[in-house]
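Structure assessment
For reference, the chains in residue letters:
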Amino acid sequence: MTSVSSPGGPTEVINARRTESLDAPRIQQLSTTATEQLFGRVNVVSVIEKANLAVTLCNEQDDILGHAALYDYPNTPEVDQAEWQPWLGQNYDTGNCTPLNTLFIHYFVARKEYAHGCAQEIIRTIFNAVPDLHFCFLVVPQGVFPEPALSAIFKPMEKLDSAKGPDGCSIFVSHRHEQAPVLHVRKARVEDHDDLTPIFNRQSDVLSTKYGDYFLAELIEAQDENNHCVIAEFEGSAIGFMSVCSEVNRALLAECFELGPFHGLCKPHPDDVLEPPREPTPPPAPEPSETAPTTAEKRPSSAASQASVKSKRSETAMTGEVPEGKEVPEKAAAPSPAGSVTGTPQTDKRGSKGSIADTAELKVKPKLSEAHMGESSTSLLSESSVATSVMSEASKVGSAKSAASRTELAFPTTAPEQRSPSPGEEPPTVPPRFTPVYRGESNAFCIHLFCIDERFEMRSQDFLPHIFSLFPEKDFAVMTVPHLVPEFPLLQNFVRVTPRVPSILAQELYVFHRAGLLKDFVVRPATSEDTSGVEGLVHSVEGREQLLKDLQQYNEARRDPDGTEIQSYVALSQQQVVGVAIVRREENVEYIRSHYNVEDFIYYNHHARAEHGHIHHLALNPIFQHYSKHFLKEVLRLSHKSCLYYPIFPPYALQETLVHHSLITALNEMVPVRARRQIAYPLERLGINAPSHRVSKQQDCYAVNHINRKLTLEPKVTINARIVVVGASDVGLSYLETLAFCPHLRFNNITLISTHGLPGEMAPEDLRINFLGKSHCYLHADHGLNSLRSWVNVVFGKMVSINRQTKHVIVAGGTKVPYDHLVLCTGEQYQVPAPTGADITQEDMTNATLPNSPHRRYLGDGPRNVLTVNDNTGAASALHTLRYDFLNTEGQLIVYGNSLDAYTCVHTLLTLGVPGSRISLVEPPLKPHEPTCFNNPLVEAGVQHELREAGVAVHSGYYLAQWNDGMGGDLVQSASFTSKSEPLRLECSFFLSFFQKMVDYDAFKAANDACLVYDGKLVIDSTFHTNDSCIRAAGPLTKFARRYHADQWTHANFNSKEVGFQLAANMLHLFDPTLENELPPTPEMDQLIPMYDSAKIQAAVLPGGVNYLHVGKPNLKVSLDTYMSSGDYGRELITGSIEGGNFFRLHVNQYRTVETVTCYSKQPIEITNLICLYGIHERYLNNLAARFDEGLVKDFYSYFREPWCLAIFHDRFTDFRHEVREILLNRPPSDEESLEEQVRQMIDEDMVLSKDQRRHLVDTFKDSGAKRSVETRLLSYLSYNYYHLPMYAKPGMV
């Protein structure tokens, strides 16, 4: 916060922020005639939209006082944006100006009375926000002079004597040293102590408490040739301090971090062992699949974070001291080829039957966004002999992607049908990881202590040239930072090093190479002479063959054989190639706009079609990673693009699709774009009114990552806190998705622990996908559209223990995964059922006389042919088993359960080819007052009829009594059951259990042994906290504490995706600086549990091929008859019949809003469309109730396929409804009551409105202008989304 004053007027406290497009109307109001003369008549929205940096000054009332928009090229038609540098250099002395350190003002406005102060503050803010910026230019048309506010800051440049232009403009400049000068850095002296102590004390008192008040003076006094202290000063006072040391515990860092890309922080040595021995040839790595994934590096660390001043202390890593109680391993973990990682080699033999047998190795998949920084057998310095200069070492090599991660990064080439998991199959033995051996001397020094006044922290990089001059023989500066310390500006120039397994250092390691000091980073179009340099840069990049092929095609023809333009650029430093990018025009712009929320980041209509680019390849030397955004910014400028897109395809995509891209090294700098829900169009009925083929065509699903000009100078907030999520349930996935898709945040340490990893890794197969019912939180395609594997590290395993004291989770096998925040989302799973032990040969043995409860937990492995299926992996395993061990043999199969999944399983078995006569469905009794899974007698009758038609034997009301008549054995050959009357005994070859879902025993034991409160389920409060503030939980695993007196309500009653979103929203307050601190709930609110609004959905394919859908309000389990007997139930609208296979039931509540949708159809139904009906007032549905009562609607299926209703199924219709509601909430200008206030007042007097009152409201609605506003908003909604909704007529068309 600062202030500006007007001559003789008031002083305003102002705040500088980035400009938003919504500011455009108020910015336009500040424009004057002088503004138009200086900058021309411009579209302010377009200027803001394409500016690299736009700054707005606001006062405390959020009134805009000033605005400036800056671009990376001049605003004059005399020169092309890609050629401004030579143009400027021909006419002015601008030898030091480069695209890295130069910006141009394209627009400036300010409130007249504050213009001088606003201009000064905006320019100062710009120089502070962009540390590399040194020149800010203003291009002034001929005959115009800048207004006084700008002329006071910008000075005219003198032309060179040889200048031949420019004729149409003159150039003014403002230098950094005039606004925010580079800090002077010198050796520290003891007398600096008094200046520095207040700065340290403001940020932390840890050091003074531990070492005394004069620790700083003692540290400065103890300087020698290996230890130096430097300070930065401003106007004669010390405002920053840094302590550096030449001693680095390189062995400890090598054990905890992937130092391969940095040559182990050592000098090159002839005896270095950089490549694994060629003999013997290791066995091939296992094919990646959802159940047997390619293993890759993981990055946990276990020591607690150390207190420091803003990072600032890293004594353990630098001096070799290890925290008490920690032991340094004798040697680093051996890295395995192809990015594999080996945990503790123990086998966990506990597991659900029918799933893949646990292997002896811990499997870890690192996120794709950091894969290029993994362990490498070829480092930055590997190919240089004796280092004669910085760049001869750093740029000759530059492996842009590590060889160790090749297999993980390589898109799988195996055909989908070759990846079916087989139960019990042992994967090939994973060879031990190769560890490079570095014999050279240390090539790094460390930063021990760093502190700077907050006012100057953006100039932290000014320390770097000086400290490197203190160690001329060292090339790397390293710094460790506790995980919970926010990333400060100094670290934005450093490269974060990927942690490895095992790690005993609970800190992040950052590295800076001497070559990073060079500002000689030039991006230009590639030429044929660059080919050899590019080959050296990408020699370990997976997909380099296609990259080099594209580069060759560019050099030969500048376009593909089909005419598609290719643009290729290289980044150079000291004339060496350190980066390469290959871009084509984005040909699927309409598809991306219609299928992804790219308009969250751009105003689409302000970007020409040719301005959208598609990144195919981008590789950058790791020591220049801090220039990744500048590289992208230059690619945008030189290619005349404003947006770039990069797709990530799922692992099962076809090789011909994957081969066109390599994994780019700048993925972290881009933002993931959410996919949009699509309308299921009745294309045949629409005919020529259907959306264009570019919009409606079916394509392979992929995730889209995006960057535009606005984002190139907008840094992300880096979060290093270790967030560990246990369980890939819908709740867990929603939580991960919410964090990963925060565009302004970068979470470096999100880890998922899951038995089978992330779902969606296998190619889609209807039989497997339909094995279980669907909640429609995530469909199979959604996983490919989200690509969480790009942002989340995955540990394949089962949590068996939690150590709350040392804050780590132990995975089966003994491997520790440390956390700062632990989120438990394991949910509930079908378990092996526990027989009651009843002997059916005894008389009067019924369900009333059982010796043991049928709901108790079965402990042990269970018989081998008792299968439970809980996810896609389990379904694939069960199908594999049944295909090969049951389908072609004789014997019976028992399906035990009365859940929806039991019926879908029966349908899957029938589809698989199992005769109905070989299937017995045994349904356990329902609990008292518990409805069936369908909660509709008509649907239940229809399902039973289809089972009978298929020949499936159905036995209702039976509990499992014994296997094999109580004789034991690891194979079930018969099963006996009890009922209210006669017992039942069935022979069986396989037993599939869908009896009841329970919390996994290992999850229960881990929580219970960790002393987390467990009361039937894990106990949480209304903000998801357990009794440990660092451990949160959500989903069916949990229940609310008894103090809420809401034992019947749990997260299982709600939509899991919404629960996961709310969990993430609750935690984002810990990380997101843009959010206000969350206030604790009031005592009254703290007694209430949160309620969620999203619909609870069940969808399945039932026996007979019947498509079933039920969409309902979150509710307790109460029978339909009980609900309908209540006075405020509303009414039901039904078309079709169960017998006809076209049953459709709508429940409209007393407020005439759709509350329940139930479909039972033998024809395909548009499930995603019909889900949208939930929560819609029946008047939106073309007066549905009135039309139904008049007999005009005979078939809801046909009714909701009519073109008129497609706008209701659009993903932005909910936003339109909210906009309409806002219109009704707004007060008229005359300060009368709003419509909403009038309605509330009438209802307070009498719940039933009279005809006169209704007529008065209608008249007010018309006369107040609200009616016209609603109509205008509707037309705007249809017009803006016309690419999706061309079937609607526009004004003027008829």
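Let me begin by describing the structure that accompanies this report. Fair warning: this is a prediction, and the values are worked out from it, not measured in the lab. Residue numbers here run from 1 along each chain, matching the order of that chain's written sequence. Only residues with pLDDT of at least 70 are given local features in this predicted model, and only at 80 or more are side-chain atom pairs given and counted; all residues enter the totals for whole chains, interfaces and linings. Hydrogen atoms and water are omitted, and side-chain values are computed over all heavy atoms in the structure.

**Some words on the overall build of the protein chain**
Rules: Under the scheme used here, helices are H or I runs from DSSP no shorter than 4 residues and strands are E runs no shorter than 2 residues, and both carry numbers assigned from the N terminus. Classification of residues uses two cut-offs on accessible area relative to the type maximum, computed with a 1.4 Å probe and protein chains only: under 20% is buried, over 50% is exposed, and between them is partly exposed. Contact definition: two residues touch when any of their heavy atoms are within 4.5 Å. The accessible surface values rely on the Shrake-Rupley method and a 1.4 Å probe; as for residues, cover is taken only from the protein chains in view.
When helices and strands are tallied, the protein chain shows 38 helices and 50 strands. Taken over 1294 residues, the protein chain has a buried fraction of 57%. Restricting to contacts in the protein chain with at least 6 residues of sequence separation, those with at least 24 account for 76%. Working note: accessible area of the protein chain is about 53700 Å², and carbon and sulfur atoms make up 50% of it.

**Regarding the side chain of Lys633**
Where we set the bar: His is not counted here, nor are the chain ends, while Lys and Arg score as positive and Asp and Glu score as negative. Each salt bridge in this description consists of a side-chain nitrogen of Lys or Arg and a carboxyl oxygen of Asp or Glu lying within 4 Å of one another. For this analysis, a polar contact is any N or O atom pair within 3.5 Å, provided that within protein one partner can donate a hydrogen and the other can accept it, and provided that sequence-adjacent residues contribute only side-chain to side-chain pairs.
Topologically, Lys633 is positioned in helix α19 (residues 628-639). In this structure, Lys633 is buried with no salt-bridge partner, the nearest side chain bearing the opposite charge being Asp72 at 4.1 Å. At 3.5 Å, the side chain of Lys633 forms a polar contact with the backbone oxygen of Pro99. Apart from the residues within four sequence positions on either side, Lys633 is in contact with Asn52, Asp72, Pro99, Thr712 and Leu713.

**Structural notes on the packing of helix α36 (residues 1235-1245) against helix α37 (residues 1251-1263)**
As a reminder of what qualifies: In this description, a line fitted to the C-alpha atoms serves as the axis of each element, helices being fitted only across the stretch in contact, and the angle between N-to-C directions of two axes falls anywhere from 0 to 180 degrees. Should an angle lie under 35 degrees it is considered roughly parallel, over 145 roughly antiparallel, and from 65 to 115 roughly perpendicular; all remaining angles are considered oblique. Charged residues are taken to be Asp, Glu, Lys and Arg, nonpolar residues to be Ala, Val, Leu, Ile, Met, Phe, Trp, Tyr, Cys and Pro, and polar residues to be all remaining types, Gly included.
Put simply, α36 and α37 touch, their axes get as near as 11 Å, and they point 170 degrees apart. When the interaxial angle is binned, α36 and α37 end up roughly antiparallel. Contacts between α36 and α37 involve Leu1235, Gln1238, Val1239, Met1242 and Glu1245 from the former and Gln1253, His1256, Leu1257, Thr1260 and Phe1261 from the latter. Grouping the amino acids of the contact of α36 with α37 by side-chain chemistry returns five nonpolar, four polar and one charged.

**With respect to the pairing of strand β41 (residues 990-993)**
Moving residue by residue along a regular strand, the side chains alternate between the two faces of the sheet. Quick note on the threshold: We treat two strands as partners when DSSP finds at least two bridges between them.
Along β41, one buried face is formed by Phe990 and Leu992 and the opposite face, lined by Phe991 and Ser993, is buried too. One ladder, built from two bridges, connects strand β34 (residues 866-867) with β41; its direction is parallel. Looking across to β41, one finds that Val866 is bridged to Phe991. Where strand β35 (residues 893-896) lies against β41, four bridges are found, and the strand directions are parallel. From the neighbouring strand, Ile894 faces β41, where its bridge partner is Phe991.

**Some words on the pairing of strand β13 (residues 444-452)**
Counting buried positions along β13 gives nine out of nine residues, so the element sits mostly inside the fold. Strand direction decides the pairing type here: strand β11 (residues 237-245) and β13, joined by six bridges, are antiparallel. Note that in β13 the partner of Val244 across the bridge is Ile447. Bridging between β13 and strand β14 (residues 476-482) involves three bridges; their strand directions are parallel. Along β14, the bridge assignment pairs Phe445 with Ala477.

**Concerning the pattern of salt bridges**
Counted under the stated rule, the structure contains 58 salt bridges. Residues Glu599 and Arg593 are paired through a salt bridge, measuring 3.2 Å at the closest nitrogen-oxygen approach. Of the two residues, Glu599 and Arg593, both sit in the buried class. Note that Glu828 and Lys1017 form a salt bridge whose closest N and O atoms lie 3.5 Å from each other. Taken together, the residues Glu828 in the loop between β32 (821-824) and β33 (829-830) and Lys1017 in the loop between α29 (1001-1009) and β43 (1018-1020) connect sequence positions 189 residues apart. Overall, Glu828 belongs to the partly exposed group, its relative accessible area being 22%. A cluster of three or more residues bridged by salt bridges with shared partners is formed by Arg17, Asp23, Arg26 and Asp62.

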